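Listed here are the chains, written in short residue letters.
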Amino acid sequence: VQLQACGGGLVQPGGSLSLSCAASGIIFSLSDMSWYRQTPGKQRELVAGISSFGSTNYADSVKGRFTISRDNAKNSVYLQMNSLKPEDTAVYYCNSEFRRNHRAYWGQGTQVTVSS
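So, a few notes on the structure that sits alongside this text.

Cut-offs and rules
- Residues numbered from 1 in each chain as written.
- Predicted model: local features only at pLDDT ≥ 70, side-chain atom pairs only at ≥ 80, totals over all residues.
- Heavy atoms only, no water.
- Helix = DSSP H or I, 4+ residues; strand = E, 2+ residues; numbered from the N terminus.
- Buried < 20%, exposed > 50% of the residue type's maximum accessible area, 1.4 Å probe, protein only.
- Pairing = 2+ DSSP bridges.
- Axes fitted to C-alpha atoms, helices over the stretch in contact; angles between N-to-C directions.

### Notes on unusual backbone geometry
Alright, step 1. At Asn75, a position not held by glycine, the phi torsion is positive, near 50°.
Alright, step 2. Inspection of the secondary structure puts Asn75 in the loop between strand E7 (66–71) and strand E8 (76–81).
Alright, step 3. Residues other than glycine seldom take positive phi values, yet Ser83 does so here, at roughly 50°.
Alright, step 4. With respect to the helices and strands, the residue Ser83 is situated in the loop between E8 and strand E9 (90–98).
Alright, step 5. By relative accessible area, Ser83 is classed as partly exposed at 39%.

This is the structure in structure tokens:
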């Protein structure tokens, strides 16, 4: 199983970034996909999730600014991040959870830094 996340980088406040996560070795269409983030000394927190049916949920802190989407044909999940704030700075991780047995996998993380 591999979840390959990419798209992180350095962006100024108010800017945008798009993260992507390509999955292999899982039944992607039957997996709920999520993005989490973590900063040093803090617990990993859920940013956004999208179910295998396409329903979405977001952390209150990113509602209206971030959009999660998926492409089952490409086994990929995306996170469009707009109006970025310094507090969005974190390592962002892709997560998959197979609906049938709740087996979960993590990607390696991609750094997002929002700074002027």
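After presenting the structure, the write-up continues.
### Considerations on the sheet that holds E7
Alright, step 1. Spatial ordering of the open sheet is given by E1-E3-E8-E7, a layout of four strands whose pairing is antiparallel. At either margin of the open sheet sits one strand with a lone partner, and together these are strand E1 (2–6) and E7. In this sheet, neighbouring strand axes are inclined to one another by 15° on average, regardless of whether the strands run parallel or antiparallel.
Alright, step 2. Bridge count for E1 against strand E3 (residues 17–24) is five bridges, and the pairing is antiparallel. Bridge assignment links Gln2 to a residue of E3, and that residue is Ser24.

As far as function goes, none of this settles anything; it's purely spatial.
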